[in-house]
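# Understanding the architecture of this molecule
This is what each chain is made of:
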Amino acid sequence: MRTPQFTPMEMKDRPRPWCVNIPAAYAQGGRRERKFFNTKREALDYAKDEKIRVEREGRDATATLSVSQRDAAAAAFRLLGDQPPQRLLEIVEEWSRLRKVAAASAPLREVFDRYEARGRKVRARSGAVRWVPFRPSYLQQFKYAKRHAEPLADLMLSDITAEQIEAQLAGCSPAYAIANLRSLRAVFEYGIEEGLAAKNPITKKMIEGKGAVAGADDDVETPILTIDETKQLLVAAAEAAPYFIPYIALSLFAGIRPDLTNGELIKMDWSMIRMDEKMVIIPAKVSKTRAQRIVHMEQNLVDWLRYYLAKHGKAEGQIIPLEGRINRMRILRKAAGIEWKQDVARHSFGSYFMSHFENLSRCMENMGHQGSTMLFKHYKTAVPKTEAAKYWQITPDALGLA
């Protein structure tokens, strides 16, 4: 390549009229530069120095390159087109960084364990940072995300793609997919901090897309259990899994959030149920909205809880046995012969309650909604009053279980 002359040009409209133009290919910063001087002599001296610098650097650089290296560099510059030469260096530096990350990466299984062991960051008012264990509810969801990602567990964190993650979530409900994506996103963020991954394949847009899918059928009637299905579920529980009776009754007849991974019912214990006062106290630490609320119990719910206590248990400890609860509930639903949809028990409560009692404020209070929009969006299924009356008459006595 011929060395440029850097010939000074006069620009009379400038306070410093003599200019030396340095093309991007020869500028030290990789971008075109223009230097201005008061006199032509100053400009000529600078141009001479620049020509010497370029010739020297050209000799020093090419002297150490083999013919094949020079050919490869020339081919790379041709591919860059009109991009500044500095861009080639940036590309190589990025490639080198990714290579180092890939070499330091670890299998997803190991990163899961390291992230769980580290815990969460807590910053004191003084600014000091300490690490504390994750909350049990978070660990529970984390465990399900880890189990769902098992097919990817032996892959290096830096190699896992968004497409592979999406494939593992195929067929999952939007709510379940969002919960898993949030847990996995946190693991990847930890991996980036530790230099185990270059980027997070799970973007906020990816998670929001699952939410859009969840809201796409807002105009579709919300599924609820029929009267017969409700009876079948309770009878199956009484016969095959009595320890699930409180959980099922409280979700069907009180509308308490029943999600088995992070819902309110799995965090509750019997001290929160006031049988004599016919109310359930849901403290802020349990409530999804982080605000305490009182749920008033209908008589059939009281009857179901008394039936359970009289036949099978004591009013102490957890409302629901935590070990193996998801698989046990799956078996119970199969035994009942019903099709189960996400939050169908809570949807049933809202729809039957509004039809029978026509008390919007109490329904909102029981379900923990701050306004009526959410209630009408998700619990708007029209239920005939005759059917709603039957729902609130479902008791152990009525099913011949007493």
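Residues numbered from 1 in each chain as written. Predicted model: local features only at pLDDT ≥ 70, side-chain atom pairs only at ≥ 80, totals over all residues. Heavy atoms only, no water.

### Here we look at the overall build of the protein
Summing up its helical and strand segments, the protein has 16 helices and eight strands in all. Counting only residues that meet the buried cut, the protein has 39% of its 402 residues in that class. Pairs at least 24 residues apart make up 62% of the contacts formed inside the protein by residues separated by at least 6 positions. Counting every atom, the protein has about 22800 Å² of accessible surface; 51% of that belongs to carbon and sulfur. (Helix = DSSP H or I, 4+ residues; strand = E, 2+ residues; numbered from the N terminus. Buried < 20%, exposed > 50% of the residue type's maximum accessible area, 1.4 Å probe, protein only. Contact = heavy atoms within 4.5 Å. Areas by Shrake-Rupley, 256 points an atom, 1.4 Å probe, with all protein chains shown as cover.)

### As for the packing of helix α10 (residues 245–253) against helix α13 (residues 344–357)
Between α10 and α13, the least distance of the axes is 6 Å, while the angle of their chain directions is 40°. Between α10 and α13, the crossing angle belongs to the class labelled oblique. Only Ala345, Arg346 and Phe349 of α13 make contact with α10, whose side of the interface consists of Ser251, Leu252 and Phe253. Here the contact of α10 with α13 is composed, by residue class, of four nonpolar, one polar and one charged. (Axes fitted to C-alpha atoms, helices over the stretch in contact; angles between N-to-C directions. Parallel < 35°, antiparallel > 145°, perpendicular 65-115°, else oblique. Nonpolar A, V, L, I, M, F, W, Y, C, P; charged D, E, K, R; others polar.)

### Brief notes about helix α4 (residues 108–118)
Where α4 is concerned, the buried positions are Leu108, Val111, Phe112 and Tyr115. Buried positions in α4, seen along its axis, are confined to an arc of 105° and lie on one side of it. (Arc of directions from axis to C-beta.)

### Notes on the nonpolar core
Of all hydrophobic cores here, the largest spans 61 residues; its most connected members are Ile248, Leu250, Phe253 and Trp304. Elements that contribute at least two residues to this core include exactly α9 (227–240), α10, β7 (279–282), α11 (299–311), α12 (325–336), α13, α14 (360–367) and α16 (385–391). Take this core: its biggest share by element is seven residues, from α10. Here Phe253 is in contact with Thr230, Leu234, Asn300, Leu301, Trp304, Phe349, Tyr391, Trp392 and Ile394, once residues within four sequence places are set aside. Listed in part, the 25 residues of the second largest apolar core include Ile178, Leu181, Phe188 and Ala197. (Core = buried A, V, L, I, M, F, W, Y, C linked by side-chain atoms within 4.5 Å.)

### Brief notes about the sheet that holds strand β8 (residues 293–296)
Here we have three strands laid out as an open sheet, ordered β6-β7-β8, and antiparallel in their pairing. In this open sheet, the two edge strands, each paired with only one partner strand, are β6 (273–274) and β8. (Pairing = 2+ DSSP bridges.)

### Thoughts on the sheet that holds strand β1 (residues 9–10)
Reading across from one edge, β1-β2-β3 is the order of the three strands in this open sheet, with antiparallel pairing throughout. Single-partner strands in this sheet number two, and they are β1 and β3 (33–37). Judged from the two bridges that link them, β1 and strand β2 (residues 18–22) form a sheet pairing that is antiparallel. By the bridge assignment for β2, Glu10 is matched with Trp18.

### Notes on the environment of Asp45
On the secondary structure map, Asp45 appears in helix α1 (residues 40–63). Look at Asp45 and you get partly exposed, because its relative accessible area is 38%.

### Some remarks on the pairing of β7
Covered by surrounding structure in β7 are Met279 and Ile281 together with Val280 and Ile282, the residues of both alternating faces. Judged from the two bridges that link them, β6 and β7 form a sheet pairing that is antiparallel. Pairing of Arg274 across the sheet is with Met279, part of β7. From the end of β6 to the start of β7, which pair antiparallel, there are four residues, and Lys278 there has a positive phi angle of about 55°. Taken together, the four bridges between β7 and β8 define a ladder with antiparallel strand orientation. Pairing of Met279 across the sheet is with His296, part of β8.

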